[in-house]
Every structure is written in structure tokens, then in C-alpha cells.
Amino acid sequence: MISLFNSMDINTTRTINELVSAIAYVLDVMSEGTNLYHSWRVSIFASQFAKAVVPDDRKTIFYAALLHDIGYLALPEHITHYLFTREDPTQDPVILSHPIIGAELTSQIPNLSTIAKLILNHHEWYNGRGYPLGKQRNEIPLGAQIILLADQLDMLMRSGSAAGTKAIEKEISSWSNERVSAELLEAAVRVIRDEGLVEEVSEKENIPAVFNRVRTETGPVDISGSVDAVGIACEVFSQLIDTKHPSMIGHSKRVSVYSILISLSMNLSHDDITKTKWAALLHDVGKLGIAKSLISKPGKLTPQEFEAMKIHAVYTRELLETITDFKEIALIASSDHERYDGKGYPMGLKGDQLPFGTRIISVADAFDAMTSTRTYRKAMSKEAACDEIEKCSGTQFDPAVVKEAIPVLRNLSVSLM
Ligand SMILES: [Fe+2]
Ligand SMILES: [Fe+2]
Ligand SMILES: [Fe+2]
């Protein structure tokens, strides 16, 4: 049995919390380079309001606020096209359904169902005019009202129609018993006044520091996490990656399945298979930071566009390295464009310098890319893709992996969706 990794030694609660933060980072900071900081600002406000109103639920509310717009990721412009009430003339089914999609995604992770419930209700208005369910008053969980208030406050600040605490206070006073309850609004106004939060987060440069301060103060959400929960969180993350760009639907999932099949035929240990699988699910996470127009471009990329595209491997490593126990997975996942002969990117690693998991994922990734239809070419047959991989054995790919992978991939009797 080949051993690739140190034993599976991870702090699951910390890992899930850090994964959730990484997802939130992708949601806006990394989103097409626009640096919206929307989720971070909403979670800063929500955490401070929760501290004043429902301190026991602060952690849950903070993490739900971080993920509140997770159902939006498939939209190119994220939150810029916003809708306020269910009667809004600009109704768009994608917008109306984002709380439902977000709740569905989040509820898959064990122990996050309370967070999923808050996400489902984060556009409900106190007067019943919100969406998607048209709930009213106390039917709406208080945590969801807090997130709505924080969200609308951020939208108001972003619109530029009210600058400074005084102007904001005046504007939001009309939301009393309309968007949120009068009691909540009064408490929130006191927080805004006392803490100078509006001024603090108005400057973009301040936001990462304020966010980290509030996150530390809030503390991790209590998840008695198992290793399985980390795996499911990786799956959810990969679903986001696979839905952002239509040309990549199902790609990360299929690469992980092919990687598992190759790992099984190479007799890897359970822990090694698990880590290879997680790295495969996350190998293209950096593509979330690349413009849709580039990834879905019909036709070949120009040399300049190709250079811009290559940055995704660096983004993948940087993002995954923010997860304390994922240092090894970050390297495995972000190296899948390295080549066995050292002529790949981003670092030009060669031969044994490449983590073994990477050498498996590279073959699985190339196989899926060749057997999937791209905007600029039709899908190749399994046989033709395998011939191509064999041709690159010893240059692009590790010959030992190719030798084991080809019989598996060539004989697959089904096509994975
Ligand atoms: Fe939203
Ligand atoms: Fe939002
Ligand atoms: Fe890929």
C-alpha cells in the first residue's frame, strides 16, 4: 500500500468554519475581481446586532449571514440586480429562488440546518411582502430578520443615497414594522450609533480587519463535526464551482469520481483516497475568480487570455491555504496543471516534487476535459482521450499513474453526467 499523506488528522469543527469563510470569500471578494465584500459587511452588521438582541444565537447568525447569498453564485453579477419585495416589477425567478437554493445547498452539511433555515428566510419582510414564502411578523425567525436588516443596510450604503450614521438612521427609520420589527430596528440603531460601524466599514481597506475582529469575537459556530461533514462541505463547494460556468457543469464532481476510481485501482488507503477526493472536488475553485467571459469563450483563448486564465491555479492555492488543516490539500488541488516533466504551471514542479494525489487528479482532469463538449470543440471518445493520455505519459503525466488509469478509464461502460 502506498502512503501519500500523514494520517487524517484534522480539527473538523475548525475546518468546517474555515471552509464556510472560504466559501463566503469566494461569494464576493473573489467574484470577478469586483471586491464587493457584501457577505463580509452583512455578517459584521448581523453579528453586532445579534450580540445586542439574541447573544446566544450570535454564532449561528454570523455564519448564516456569511452564506446568506450562497444561492446567487450562479448569477454573473451576484447581487447587483436586486429585488426588494415579492410584488417588485423586476421579478426574476433566479432572484426569487436564491434563498431556496441557498437553504438547499447549506442544509446538506450536517448540523447546519439552523443556518439553512435563516438563509431560507433572509428576504422575508415583517409586513409579509418579502419572498420567497411571504411569511410575516413572528413567523420569521429573528435571526433571519437580523440578516435582512444587515443586508438592506449594506445595499443602502452601497447605493450611496445615504452617507454617514445620521443619514442612514433617518433612512432606515421608515423600515420599522415594514421590513423588520420596531424593536429590532431600535436596537440596531443603538448599535450603529454606539459602535461607529457605518464609518468603519465604509472604507473598503478597513473591511478585512473589521471582519477578522468580529469573527474572532464571535467564535466558531458549534458544529460537533465529523470527517464526513468536511467531505460534504467540500461537495457543496464543488457544486458552486460546477454551476458558476455552464461549460463546467458536473466537471469537479466527475474529476473526483475518476480520481477515486484510479486511487482504488492503485490500492491507496482510505485516508489517501479521501484527501485525493477532496482535492479533486476543489481543484478548480480558483476558476470562481476568473471572468465568465473568459471561461466560456467560444473559440481558443489568445496567449494573453491564456495567461489570465492560468492565475486560477494560484487563486486555488491561496484560497485553500486559508483553511488551517488543508495545507496539503491546497498543494494537491492547485498543482493539477503542473506536468511530470516540469513544464507546467504555476510553479514548474517536476516528477516526485508533485504530490502523488496531484498526479492522479491531472489524469482524471485531462480525461474529463477531453471527453466533455467545450464551447470550441465537440467531446472526444473515451478511446481517443485514453490514446492521447498515453501519448503524454512521461511528459505531462506520471507513467505509473497512466499505467493504472488507462484500463479503468478506457473500459468505463457509462458516461457520468
Ligand atoms: Fe439575498
Ligand atoms: Fe445579500
Ligand atoms: Fe479542472
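Quantities reported herein were computed from a predicted structural model and do not represent experimental measurements. (Residues numbered from 1 in each chain as written. Chains lettered and ligands numbered in written order. Predicted model: local features only at pLDDT ≥ 70, side-chain atom pairs only at ≥ 80, totals over all residues. Heavy atoms only, no water.)

## Here we look at the domain arrangement of the protein
Then, in step 1: The domain architecture assigned to the protein consists of domain 1 (12–218) and domain 2 (245–410).
Then, in step 2: Each of domain 1 and domain 2 has a C-alpha centre, and these two points are 35 Å apart. (Domains from an automatic or database assignment.)

## Description of the packing of aromatic side chains
Then, in step 1: Counted according to the given criterion, the structure contains 9 aromatic pairs.
Then, in step 2: Ring plane angle 90° and centroid distance 5.0 Å describe the contact between phenylalanine 62 and tyrosine 63, whose orientation is recorded as edge-to-face.
Then, in step 3: Among the residues examined, phenylalanine 62 registers a relative accessible area of 0% and is labelled buried.
Then, in step 4: With centroids separated by 5.9 Å and ring planes inclined at 25°, the aromatic side chains of phenylalanine 62 and phenylalanine 211 adopt a geometry described as stacked. With phenylalanine 62 in helix α3 (residues 58–67) and phenylalanine 211 in helix α10 (residues 207–218), the pair connects residues that are 149 residues apart, well separated along the chain. Accessibility assignment for this pair places phenylalanine 62 and phenylalanine 211 in one class, buried.
Then, in step 5: Of the aromatic side chains, those joined through ring pairs into one cluster are Tyr25, Tyr37, Trp40, Phe62, Tyr63 and Phe211. (Phe/Tyr/Trp six-rings, centres within 6.5 Å; stacked < 30°, edge-to-face > 60°. Buried < 20%, exposed > 50% of the residue type's maximum accessible area, 1.4 Å probe, protein only. Helix = DSSP H or I, 4+ residues; strand = E, 2+ residues; numbered from the N terminus.)

## As for the environment of isoleucine 406
Then, in step 1: For isoleucine 406, the position within the fold is in helix α19 (residues 399–410).
Then, in step 2: Each C-alpha atom, one on isoleucine 406 and one on tryptophan 40, is 45 Å from the other, the two residues being 366 residues apart in sequence.
Then, in step 3: Those residues in contact with isoleucine 406 that sit more than four places away from it in its chain are Cys386, Ile389 and Glu390. (Contact = heavy atoms within 4.5 Å.)

## Quick notes on the coordination of the iron ion (ligand 2)
Then, in step 1: The protein atoms that coordinate the iron ion (ligand 2) are His38 (NE2), His68 (NE2), Asp69 (OD) and Asp151 (OD), at distances spanning 2.1 to 2.3 Å.
Then, in step 2: Mapping the donors of the iron ion (ligand 2) onto the primary sequence gives the spacing H-x29-H-D-x81-D.
Then, in step 3: On the basis of relative accessible area, histidine 38 is assigned to the buried category, the value being 0%.
Then, in step 4: Overall, histidine 68 belongs to the buried group, its relative accessible area being 0%. (Donors = N, O, S within 2.8 Å, 3.2 Å for Na, K, Ca; no water.)

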